Amino acid sequence: MRFVVAISLALLAFAGVAAWVVEAEPDWYLRARYPLEYEHIVSAHARNYDLDPALLAAVIYAESRFDPDVESTAGAVGLMQLLPDTAKGIALRTGGGQFVVSDLRDPEINVRYGSWYLNHLRARYDGDMHLALAAYHAGPGNVDEWLTQGSGIAFPETQDYVDEVERVRRVYATAYAGELRR
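Presented here is a report on the structure given in the accompanying data block. The structure presented is a predicted model; accordingly, all values stated were derived computationally and were not measured.

Some remarks on the overall build of the chain
Each helix and strand in the chain was counted, giving nine helices and zero strands. Looking at the chain as a whole, 40% of its 182 residues qualify as buried. In the chain, of all internal contacts separated by at least 6 residues, the share reaching a separation of at least 24 is 58%. Looking at the chain as shown, the accessible area adds up to about 9800 Å², and 56% of this sits on carbon and sulfur atoms.

Below, the structure is given as structure tokens:
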């Protein structure tokens, strides 16, 4: 048992050091490792929905690595990996009546819908971006259930997602401070 605890502590210490090392790298290295595309679209929709543009870029990085044509096995599409049913609901709520799934491959539409949804989730959870990110990843139904049960984030992969987005947000805020302004 002591061996397992020692290994666990060593891994946690290494993870902390690894995160610090990545964030301590020079901007040119961070820009190569964490590319930023569609920065005008990201910045514009971050402003429209009062979101941190570095956070929005980090969500896109985590979801699609800035590939507008990516599609998940669950059917999520585009830069912010929106499910077609979710996107159709967003389109209807924001005045769009002619939604088609192929729209999600358009970076401008995808980031607009994803930004709206992230802002909607933030409002749903009283400004708690940690919970909004968890809901973006695992769905608001799961987060509502976790809150009711008082269990915190119950899916390890969702906690990993939230931690990764928050870490990458710091990287984008540092490496792209000039491009990602509010």
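Back to the write-up after that little detour.
Re unusual backbone geometry
In this structure, Tyr38 takes a positive phi of about 60° despite not being glycine. Of note, Tyr38 is situated in the loop between α2 (27-33) and α3 (39-48). Looking at Tyr38, the relative accessible area reads 27%, which means it is partly exposed. One non-glycine residue, Asp126, lies in the positive phi region at around 50°. Here Asp126 is to be found in the loop between α6 (107-124) and α7 (129-138).

Observations regarding the pattern of salt bridges
Under the definition given, this model contains six salt bridges. Notably, a salt bridge pairs Glu179 with Arg31, separated by 2.9 Å at the nearest N-O pair. Remark: Arg31 occurs in helix α2 and Glu179 occurs in the segment after α9 (156-175); sequence separation between them is 148 residues. On the basis of relative accessibility, which here comes to 30%, the residue Glu179 falls in the partly exposed class. Judged by its relative accessible area of 33%, Arg31 is partly exposed.

Describing the packing of aromatic side chains
Pairs of aromatic rings are described using the distance from one ring centre to the other and the angle between the two planes. Following the criterion strictly, the structure yields nine aromatic pairs and no others. Judged by centre distance (6.2 Å) and plane angle (90°), the rings of Trp28 and Tyr29 are edge-to-face. Centre to centre, the rings of Tyr34 and Tyr172 are 6.4 Å apart; their planes meet at 75°, and the pair counts as edge-to-face. Placement of Tyr34 in the loop between α2 and α3 and of Tyr172 in helix α9 is noted, with a sequence separation of 138 residues between them. Residue classification places Tyr34 among the buried residues on the basis of a relative accessible area of 2%. Under the relative-accessibility criterion, Tyr172 is labelled buried at 0%. Through successive ring pairs, a cluster of aromatic residues spans Tyr34, Tyr61, Phe66, Tyr172 and Tyr176.

Digging into α6
Over its 18 residues, α6 runs 25 Å from end to end, which matches the ideal 26 Å to within 8%, given 1.5 Å per residue. Where the residues of α6 are buried, they touch α3, α4 (53-64), α5 (84-93), α7 and α8 (140-149). You can read the cap of α6 off the contacts: a side-chain oxygen lies 2.8 Å from the backbone nitrogen of Glu108, and it is on Asp106. With its phi angle positive at about 50°, Asp126 sits one or two positions after the end of α6.

Here we look at the packing of α5 against α6
It is at 10 Å that the axes of α5 and α6 come closest, and there the two elements cross at 85°. Looking at the two axes, α5 sits roughly perpendicular to α6. Taking contact as the criterion, the partners of Thr86, Ala87, Ile90, Ala91 and Arg93 in α5 are, on α6, Tyr113, Trp116, Tyr117 and His120.

Description of the nonpolar core
Counting 53 residues, the largest nonpolar core has Tyr113, Leu118, Tyr136 and Tyr172 as the members making the most contacts within it. Ignoring anything within four residues of it in the chain, the contact list for Leu118 reads Leu51, Leu55, Leu56, Val59, Met129, Ala132, Leu133 and Tyr136.

Criteria and thresholds
Residues numbered from 1 in each chain as written. Predicted model: local features only at pLDDT ≥ 70, side-chain atom pairs only at ≥ 80, totals over all residues. Heavy atoms only, no water. Helix = DSSP H or I, 4+ residues; strand = E, 2+ residues; numbered from the N terminus. Buried < 20%, exposed > 50% of the residue type's maximum accessible area, 1.4 Å probe, protein only. Contact = heavy atoms within 4.5 Å. Areas by Shrake-Rupley, 256 points an atom, 1.4 Å probe, with all protein chains shown as cover. Salt bridge = Lys/Arg side-chain N within 4 Å of Asp/Glu carboxyl O. Phe/Tyr/Trp six-rings, centres within 6.5 Å; stacked < 30°, edge-to-face > 60°. Expected span 1.5 Å × (residues − 1). Polar contact = N/O pair within 3.5 Å; in protein donor to acceptor, adjacent residues only side chain to side chain. Axes fitted to C-alpha atoms, helices over the stretch in contact; angles between N-to-C directions. Parallel < 35°, antiparallel > 145°, perpendicular 65-115°, else oblique. Core = buried A, V, L, I, M, F, W, Y, C linked by side-chain atoms within 4.5 Å.

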